[in-house]
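Tertiary structure, described
As a plain string of letters, each chain reads:
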Amino acid sequence: MDNFAEQLVKKNETASEKTKRTLMTVLGIVGTLIFLAVGILTLGMPLLSVVGFLLALATGYGTFNMIQSSYVEYEYAFTNGELDIDKIIAKKKRKSLISIEVNKFNAFGRYRDDLDEPENMTVVISSDNIASHEYYADFQHEDYGLTRLVFAPDSRMLDNIKKFLPANVRSKFMKEENNI
């Protein structure tokens, strides 16, 4: 019997990310209006007018794309011990973040800010930014070396992951979960 689970996690924005997006929107609109005004005010000079309209168009388009790219979701797909995580940007673009066999995890548990993170460790964050239900997994990855994955699995995903954890990692995880 196949073990399969899929989960979509929407990234919650921090206050600074919301402020940044608002600032980008305002600056983009102001820039677009300025270039549009240049295009209109220089109608007597065709070259300058065309440049103004083109810059207005480019600024508006760039602003739209930057705002859209700030909407991020993560898709977790678990199939028979393999965890694949993709990043979905603006519900249009998909980028594969990482694929790993769960039985290669060296450590697994609830994520805490006080966890030791060696300097040479690559951290892959694919979470919704809600610390209360984030988990971590440490493992050796062929491309990234020593890696820590920070993610937010739901109960179904977590149950499937637990089945494939190495025995020592699973027992340590179960002890920690029972002490919480």
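This text goes with the structure placed above it.
Below is a short write-up of the structure. (Residues numbered from 1 in each chain as written. Predicted model: local features only at pLDDT ≥ 70, side-chain atom pairs only at ≥ 80, totals over all residues. Heavy atoms only, no water.)

**Overview of the overall build of the chain**
To keep it simple, the criterion reads: Here a strand is any run of E in DSSP of at least two residues, a helix any run of H or I of at least four, and the numbering for each starts at the N terminus. Put simply, the radius of gyration uses C-alpha atoms, and a globule should come to 2.2 Å times the residue count raised to 0.38. What makes two residues a contact is simply this: any of their non-hydrogen atoms within 4.5 Å. Per-residue and other accessible areas were derived by the Shrake-Rupley procedure at a 1.4 Å probe size, with only the shown protein chains allowed to occlude residues. By the counting scheme adopted, Arg and Lys are positive, Glu and Asp are negative, and His together with the chain ends is not counted. Charged groups are reduced to one reference atom each: NZ for lysine, CZ for arginine, CG for aspartic acid, CD for glutamic acid.
In terms of helices and strands, the chain carries four helices and eight strands. Beginning at the N terminus, the succession of helices and strands in the chain can be written as β-α-α-β-β-β-β-β-β-β-α-α. Rg of the C-alpha trace for the chain: 23 Å, well past the compact-globule value of 16 Å for 180 residues, more than 25% over. Summarising its shape, the C-alpha atoms of the chain cover approximately 80 × 35 × 30 Å along the three principal directions. Counting only contacts in the chain whose residues sit at least 6 apart along the sequence, the fraction spanning at least 24 positions is 62%. Carbon together with sulfur atoms contributes 59% to the accessible area of the chain, which is approximately 11000 Å² in total. For the chain, the distance from the average site of its 21 positive side-chain charges to the average site of its 24 negative ones is 4 Å.

**A look at helix H3 (residues 155–164)**
To be explicit about the condition: Relative accessibility under 20% of the residue-type maximum defines a buried residue, over 50% an exposed one, and the middle range a partly exposed one, all with a 1.4 Å probe and only protein chains included. Directions pointing from the helix axis toward each C-beta atom define the arc.
Burial in H3 covers these residues: Met-157, Leu-158, Asn-160 and Ile-161. End-on view of H3: buried residues confined to an arc of 165°, all on one side of the axis. Relative to its buried face, H3 has exposed residues pointing more than 90 degrees away, namely Ser-155 and Lys-163. Elements that come into contact with the buried residues of H3 comprise strand E1 (4–10), strand E2 (72–79), strand E3 (82–89), strand E5 (105–110), strand E7 (135–141) and strand E8 (145–151).

**What about empty space enclosed by the protein?**
The probe, sized like a water molecule, is rolled over the atoms to show the empty space still left. The following threshold applies: The way it works is a 1 Å grid over only the protein atoms, where trapped points that fit a 1.4 Å probe form a cavity and open points with protein on both sides within 12 Å along at least five of seven lines form a pocket, and then any residue with an atom within 4 Å of a point lines it. Grid points are joined across faces, edges and corners, and a volume is the space filled by probe spheres set on the points. In the scheme used here, Gly and all other residues not listed as nonpolar or charged are polar, with Ala, Val, Leu, Ile, Met, Phe, Trp, Tyr, Cys and Pro taken as nonpolar and Asp, Glu, Lys and Arg as charged.
If you walk through the whole model with that rule in mind, you get one cavity of 30 Å³ or more. In terms of lining residues, the largest cavity is bounded by Asn-106, Ala-107, Phe-108, Tyr-136, Val-169, Lys-172, Phe-173 and Glu-176. At the level of secondary structure, the elements contributing two or more residues to the lining of the largest cavity comprise E5 and helix H4 (167–179). For the lining of the largest cavity, the per-class residue count stands at five nonpolar, one polar and two charged.

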